[in-house]
Amino acid sequence: MSVIDRSRFDWKSLQSVGEKLGFYGSVAALCLVSFFPIVWIFLTSIKPASQIVQFPVQYLPTEVTLANYQTAINEAPFFRYLVNSAIVAGGTAIVAVLLGALAGYALSRLEFDYKVPVLLIILFSAMLPFFSRLIPLFQLARQTGLLNDYLGLILPYSAFQLPFAVWIFQAYFKELPDSLEEAGLMDGLSRIGVLFRIILPVSAPAMATAAIIVFIYAWNEFLFALTFMTQDSMRTITVGIALYQGEYTFPWATISAAVFLSIVPLILFMVLFQRKIVEGLTASVGKS
Amino acid sequence: MANRGESTGPGTARISGYRSALRARLERYRDLRLSESELATLLLAPVLAFLFVVSFYPILDTVWGSLHTGYILPTRESAFVGLENYARLFADGSFWNALQVSLLYTFISVPVELVLGLAIALLLNRQFKGRYIAQAAILFPWALPTIINARIWAWLFHGQYGVINDLLVRLGVIAEPFAFLAHSDTALAAMIFVTVWKTTSFMALILLAGLSSIPDHLYEAARMDGASRWRQFRDVTLPLLKPTILVALIFRTLPAFQAFGLPFGLAGGGPGEATTTLVLYANDITFTRLSFGQGSAAATVITFIALGISLLYVTTLYEPEVR
């Protein structure tokens, strides 16, 4: 009897349970490692000063305070920084997406002689270091009065992101069936008409992907934002936080509050567009 | 007011005249059939113009500036000095240190990210409950601004009250808090750790995209032939993933080589110059020491190295489409 029992013991399912545990354990560890730093920043931001400078570390606050947030908001034009970032990132997304869509259409669906050189130019420009363009562009911005101006960041950012936007659109347009355009041409539309009335409206998914990724890039950029925006009221959020200094000691509690506040829009953004970003990257890389 | 009634008559006629002329003109444009290559030129012109102004002109201007002195100082008076800026650059020990820091940082962090990213991509490349939470978990570090990431980890690595210290002490790895960012040996290692934390997620995302484009039937065929999981990975996954790996490597190596925000925000390039990357160094001599010629020379060197790295990757990893 016991022999039969043992032989019937389902090793396979035990193994698969173990596998599952290992799998979900790894995924949980991944999530923990990813989110721990920001959880820690949040915990720091709601602790009273006395609990921040302790060792061994006090993990959970015994007393919750919003004083750090108050200081963060009062000591710097914090919301101004957020608005600046939103304007710059939104503007960049619009310019890069529009120009990228037009060029992507030309490169994927039109026949012309100099396609290869154009592709090489775009690829080459994507490989050029940002810093090597900083000094002349800084000078250009100064001459044209674009320092401390939103356009001063929007224009270079969109140009930097153009190769990427073109690439996303080109990959997307390649997959569209020819019949779509033929139907439009049969109905008497010109090529431009087809592009604006048929192709662009159906490319909303690619536009969303490109816009989101370009937006995140522009929101996060630091080197140009630091150099081009010298007035405090024009700073973007990344520069605002980087330049956050206390009068005497480094105010970690205030910085934690500022950092966490600055990440709230990002978290909302991620929750809203998470699928879009993953699908977009998947689609464009899969087809490269 | 009284005149208004009288003037509407001829005015309206004039306006409607304009309208019909405008309509006729629009009709003509609507009938206009551009050839494909004309249309392509029209659509590509803004992009090419943009790239010329923001990419190619600045690069050439930087090279020009690297051969001159006094470049972009208020008067923009400058004299040709040949390779003098380069000579000064190469004579500067800080330049070689920054070059070394950048190369170490890049060529340690990127391979580590590739291996970890591949492991995560393989882990997440299946359907399971909570997949979207896991994807959010890998997207979050990627979307986090570098400079804010630097600020966060500077606090986590804090020499006295940092949670990293606390965890390591509790685990018994170290006996007492250690100021990782204040010692030259550990500061660069910490910086590499921070960048790996952030950008492995991006690597994983790109590789996940590549994995999902490998057709299932290839794995089925391999299983039919009795191939082990390792063999499937080596003979199916890896070769078909090669183009994606190339994209991921280029996407990560070039930004890593140009790291600025992370060293700026984590330890400010210090202690000493232990985490001063090439761009941090070049930025410093340009905008702090106002040595624009030497800064341009450094920028030119950065350009050539970046292009060299790209070329190296493309030539060693590029294969014409097999499928």
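Residues numbered from 1 in each chain as written. Chains lettered and ligands numbered in written order. Predicted model: local features only at pLDDT ≥ 70, side-chain atom pairs only at ≥ 80, totals over all residues. Heavy atoms only, no water.

(A) Region of interest: the overall build of chain A. On a plain count of helices and strands, chain A comes out with 14 helices and zero strands. Moving toward the C terminus, one meets the helices and strands of chain A in the order α-α-α-α-α-α-α-α-α-α-α-α-α-α. Over its C-alpha trace chain A gives a radius of gyration of 26 Å, far above what one expects of a compact globule, namely 19 Å for 288 residues. Taken along the three principal axes of its C-alpha coordinates, chain A extends 80 × 70 × 35 Å. Per-residue burial over chain A gives 53% buried out of 288 residues. For chain A, the proportion of contacts with a sequence separation of at least 24, taken over those separated by at least 6, is 72%. Approximately 13,300 Å² of chain A is accessible, and the part contributed by carbon and sulfur atoms is 66%. (Helix = DSSP H or I, 4+ residues; strand = E, 2+ residues; numbered from the N terminus. Rg over C-alpha atoms; globule rule 2.2 N^0.38 Å. Buried < 20%, exposed > 50% of the residue type's maximum accessible area, 1.4 Å probe, protein only. Contact = heavy atoms within 4.5 Å. Areas by Shrake-Rupley, 256 points an atom, 1.4 Å probe, with all protein chains shown as cover.)

(B) Region of interest: the interface of chain B and chain A. Between chain B and chain A, the residue contacts involve 99 residues of the former and 100 residues of the latter. For the chain B face of the interface with chain A, the top three residues by lost area are Phe140(B), Arg151(B) and Trp155(B), together amounting to 9%. Linking chain B with chain A are one salt bridge, by the criterion used here. When residues in the side of chain B that touches chain A are grouped by element, the largest group, 22 residues, is from helix α2 (residues 36–66) of chain B. For the side of chain B that touches chain A, the residue count by class is 68 nonpolar, 21 polar and ten charged. (Buried area = accessible area lost by both parts, 1.4 Å probe. Salt bridge = Lys/Arg side-chain N within 4 Å of Asp/Glu carboxyl O. Nonpolar A, V, L, I, M, F, W, Y, C, P; charged D, E, K, R; others polar.)

(C) Region of interest: the pattern of salt bridges. All names here are of chain B. Inspection of the entire model under this criterion finds ten salt bridges over all chains. For Glu113, the salt bridge is made with Arg252, and the minimal N-O distance between the two is 3.0 Å. Highlighted residues: Glu113 in helix α4 (residues 93–124) and Arg252 in helix α10 (residues 229–257), separated in sequence by 139 residues. Classification of Glu113 by relative accessible area gives buried; the value is 0%.

(D) Spatial organisation of unusual backbone geometry. For the bond running from Gly270(B) to Pro271(B), omega is 0°, close enough to zero to count as cis. The residue Pro271(B) is located in the loop between α11 (261–266) and α12 (278–288) in this model. Its identity is not glycine, yet Asn148(A) carries a phi of approximately 55°, on the positive side. Asn148(A) gets classed as buried once you look at its relative accessible area, which sits at 18%. At Leu290(B), a residue that is not glycine, the phi angle is positive and equals roughly 55°. Judged by its relative accessible area of 45%, Leu290(B) falls in the partly exposed class.

(E) Representation of the packing of helix α10 (residues 191–202) of chain A against α2(B) within the structure. Put simply, α10(A) and α2(B) touch, their axes get as near as 10 Å, and they point 50° apart. Comparing their axes, α2(B) and α10(A) come out oblique. Of the residues in α2(B), those in contact with Arg191(A), Ile192(A) and Leu195(A) of α10(A) are Glu36(B), Leu39(B), Leu42(B) and Leu43(B). Looking at the contact of α10(A) with α2(B), its residues break down into five nonpolar, no polar and two charged. (Axes fitted to C-alpha atoms, helices over the stretch in contact; angles between N-to-C directions. Parallel < 35°, antiparallel > 145°, perpendicular 65-115°, else oblique.)

(F) Highlighting the environment of Ser213(B). All names here are of chain B. Looking at the element boundaries, Ser213 is found in the loop between α8 (184–212) and α9 (216–224). A sequence separation of 88 residues divides Ser213 from Asn125, and the C-alpha atoms of the two residues are 11 Å apart. At 2.8 Å, the side chain of Ser213 forms a polar contact with the backbone oxygen of Gly210. (Polar contact = N/O pair within 3.5 Å; in protein donor to acceptor, adjacent residues only side chain to side chain.)

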